[in-house]
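# Structure assessment
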Amino acid sequence: MILEKFASPVEIATDRFVLRPVRKSDAGLFALYAGDKRVAEATQGIPHPLPPGAAEAFCARAMATGSEEDIWVMDGTRSSLPEVLGVISLRKMDRNQSEVAFWVAPAFWNHGIASAAVNALVAANPQKNCTMFAEAFQDNPGSARVLTNAGFQYLGDAESYSVARDANVPTWTYIRKLD
């Protein structure tokens, strides 16, 4: 597959790391981290076990133009951390809205990485949204805290399909109105 153009989400800086566009060279760390069952089961779309070539396909999709989703890598090299700490994305919706999704490698859980990434993305508002939504699985209260700490308000209960779990999983849905 030849990609003629690459998407260029804007780079967003935090105090400890940078949110930057995905690179082909990220595939190895994506495979390592997203291949972890704990990461996969905390997301809707990552399968477990991670099939061969899935990380490379993710990179290609993230770099393609015309996507309905902007994807950033949480890159820790500015603080002598690994090049990939996790991933955060904004999936475009109708009416100037988007949905935030993120995952962080287990080695960096409980270090404020996800909170810093979500706060930076909301502050930058690169898609110029009026509203952002997010979901957290109800058995993942840490992700729910990340969202509420970033100013997201609880909207209601729902359920979403998890590929890794091969099941519908109860979720909490959140909303963040932007100026």
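Residues numbered from 1 in each chain as written. Predicted model: local features only at pLDDT ≥ 70, side-chain atom pairs only at ≥ 80, totals over all residues. Heavy atoms only, no water.

### As for the confidence of the model for the protein chain
Residues with a pLDDT of 70 or more make up 96% of the protein chain, whose mean pLDDT is 94. In the model, residues 1–7 has pLDDT below 50 throughout and makes 11 contacts with residues more than four positions away in sequence or in other chains. (pLDDT = per-residue confidence, 0-100. Contact = heavy atoms within 4.5 Å.)

### Here we look at the pairing of strand β6 (residues 131–137)
Most of β6 is tucked away, with 6 of its 7 residues classed as buried. Examined bridge by bridge, strand β5 (residues 97–104) and β6 share 4 bridges and lie parallel to one another. Bridge pairing links Q97 to T131 in β6. Pairing analysis gives 7 bridges linking β6 to strand β8 (residues 167–177), with the strands arranged antiparallel. For T131, the partnering residue across the bridge sits in β8 and is K177. (Buried < 20%, exposed > 50% of the residue type's maximum accessible area, 1.4 Å probe, protein only. Helix = DSSP H or I, 4+ residues; strand = E, 2+ residues; numbered from the N terminus. Pairing = 2+ DSSP bridges.)

### What about the side chain of E69?
Its location among the elements puts E69 in strand β3 (residues 69–75). Excluding its chain neighbours within four sequence positions, the residues that come into contact with E69 are R61, S89, L90 and R91.

### Some thoughts on unusual backbone geometry
H48 connects to P49 through a cis peptide bond whose omega is 0°. In this structure, P49 sits in the loop between α2 (37–40) and α3 (54–63). Positive phi, close to 60°, is recorded for N96, a residue that is not glycine. Of note, the phi angle at N125 is positive, near 40°, even though the residue is not glycine. We classify N125 as buried; its relative accessible area is 11%.

### What about the layout of surface pockets?
In this structure, the largest pocket occupies an estimated 1300 Å³ of space. Taken together, 48 residues make up the lining of the largest pocket; nearest its centre are A42, T43, A101, F102 and W103. Element by element, the count of residues in the lining of the largest pocket is highest for β5, at 6 residues. Partitioning the lining of the largest pocket into residue classes produces 26 nonpolar, 12 polar and 10 charged. (1 Å grid on protein atoms, 1.4 Å probe; cavity = no way out; pocket = protein on both sides within 12 Å on 5 of 7 lines; lining within 4 Å. Points joined across faces, edges and corners; volume = space filled by probe spheres on them. Nonpolar A, V, L, I, M, F, W, Y, C, P; charged D, E, K, R; others polar.)

### Looking at the pattern of salt bridges
Taken as a whole and judged by the stated rule, the model has 10 salt bridges. R20 is the salt-bridge partner of E83, the closest N and O atoms lying 3.5 Å from each other. Remark: R20 occurs in strand β2 (residues 18–21) and E83 occurs in the loop between β3 and β4 (86–92); sequence separation between them is 63 residues. Since its relative accessible area comes to 28%, E83 is described here as partly exposed. Across the pair E41 and K37 runs a salt bridge whose closest N-O atoms are separated by 4.0 Å. For E41, a relative accessible area of 26% corresponds to the partly exposed category. For K37, a relative accessible area of 46% translates into the label partly exposed. (Salt bridge = Lys/Arg side-chain N within 4 Å of Asp/Glu carboxyl O.)

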